[in-house]
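Chain residues, written in single-letter form:
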Amino acid sequence: MDKNKTLVRFNVQNIKAAMPDGKGGFEVPFAYGTAIKMALEADSSVKKIYGDGRVIVPLVNDKGKTGTMTTNNVSDEYEIANGRKLRTANGLAEIKQQKNVVHAIYFETCGLDGDGGMPIAKTWLYGVTSSRPSESFDQNTDDINESSFETPLEMRGTPVLNADGSEYKDAKGNTVIAWQMTVTPDDEGYETFGDAVVLPKMPDSGNGGV
């Protein structure tokens, strides 16, 4: 067994959000707050085409990912940036959302490898849109009842790029869409991966390209 192979993955921490800068890039990421859970689900299906009484081709309809980001509190900065809150002269108002801002979200997960080390994996989610978080407050026991907040997410993804910044095409001429990208300590750029949004790029020797 490879002792450096990650055996299990656990925990979620250090959530950040990066909003668009209006110039085709992203602003500096800001910390969201403490994390409880990041649940991501594939939004895909397979349609089987039949001919001569058998399946002749399965067509994959991969629409991206959906998810739920569960946190200990709601980030006012995040809600304002997504058009769901507004600072007024006398308080913070929740307002009707009239825009859907496509942004990126970052988080980290812990791991355990074969030699007992605990490598941290860093992940960016691309083409993210979100809905207003659900909130609940209760006091039904003599103990403290902490609240959690669930923010629904959708990931539209982003095109994979060539080394020169143009869109990468596969051998059939299709644009390749990445929903997320994860790095571990052995990957180049690991130390600064969460400092700014890192878009997936093919190496200089990558196949295809426009």
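Residues numbered from 1 in each chain as written. Predicted model: local features only at pLDDT ≥ 70, side-chain atom pairs only at ≥ 80, totals over all residues. Heavy atoms only, no water.

Some remarks on the layout of surface pockets
Estimated volume of the largest pocket: approximately 230 Å³. In terms of lining, the largest pocket is formed by Met181, Val183, Glu188, Gly189, Thr192, Phe193, Val198, Leu199, Pro200 and Lys201. (1 Å grid on protein atoms, 1.4 Å probe; cavity = no way out; pocket = protein on both sides within 12 Å on 5 of 7 lines; lining within 4 Å. Points joined across faces, edges and corners; volume = space filled by probe spheres on them.)

Thoughts on the nonpolar core
Counting 18 residues, the largest nonpolar core has Ile15, Met38, Met69, Tyr78, Ile105 and Leu153 as its most contacted members. Among the secondary structure elements, those contributing two or more residues to this core are β1 (6–18), β2 (30–33), β7 (103–113), β8 (120–130) and β9 (149–155). If sequence neighbours within four positions are ignored, Met38 has contacts with Val12, Ile15, Thr68, Met69, Ile105, Phe107 and Leu153. (Core = buried A, V, L, I, M, F, W, Y, C linked by side-chain atoms within 4.5 Å. Buried < 20%, exposed > 50% of the residue type's maximum accessible area, 1.4 Å probe, protein only. Helix = DSSP H or I, 4+ residues; strand = E, 2+ residues; numbered from the N terminus. Contact = heavy atoms within 4.5 Å.)

Some points on unusual backbone geometry
In this model, Asn11 sits at a positive phi of 65°, which is unusual for a non-glycine residue. Summarising the element assignment, Asn11 is placed in strand β1.

Some thoughts on the environment of Leu7
With respect to the element layout, Leu7 can be found in strand β1. The partly exposed category is assigned to Leu7, whose relative accessible area is 45%. Taking the C-alpha atoms as reference, Leu7 lies 34 Å from Ser131; in sequence the two are 124 residues apart.

Points about the pairing of β1
Note that β1 and β7 share 8 bridges and pair antiparallel. The residue of β7 that forms the bridge with Val8 is Leu112. (Pairing = 2+ DSSP bridges.)

Here's the deal with the packing of aromatic side chains
Counted according to the given criterion, the structure contains 2 aromatic pairs. Here Tyr32 and Tyr78 contribute two aromatic rings whose centre-to-centre distance is 5.2 Å and whose plane-to-plane angle is 70°, an arrangement assigned as edge-to-face. Of the two residues, Tyr32 sits in strand β2 while Tyr78 sits in helix α1 (residues 76–81), which places them 46 residues apart along the sequence. Considered together, Tyr32 and Tyr78 belong to a single accessibility category, that of buried residues. Both rings, one in Tyr106 and one in Trp124, keep their centres 5.2 Å apart while their planes meet at 55°; by these two values the pair is tilted. You can see Tyr106 sitting in strand β7 and its partner Trp124 sitting in strand β8, a full 18 residues away along the chain. Overall, Tyr106 belongs to the buried group, its relative accessible area being 1%. One Lys or Arg, Lys122, reaches over the ring of Tyr190 and ends 4.1 Å from the middle of that ring. (Phe/Tyr/Trp six-rings, centres within 6.5 Å; stacked < 30°, edge-to-face > 60°. Lys NZ or Arg CZ within 6 Å of the ring centre and 35° of its normal.)

What to know about the pattern of salt bridges
With the rule as written, the count across this model stands at 5 salt bridges. Taking the shortest distance from any N to any O, the salt bridge between Arg84 and Glu79 comes out at 2.7 Å. Here Glu79 falls in the buried class, since its relative accessible area comes to 1%. One salt bridge connects Lys169 with Glu167, and the closest N-O pair in it is separated by 3.9 Å. (Salt bridge = Lys/Arg side-chain N within 4 Å of Asp/Glu carboxyl O.)

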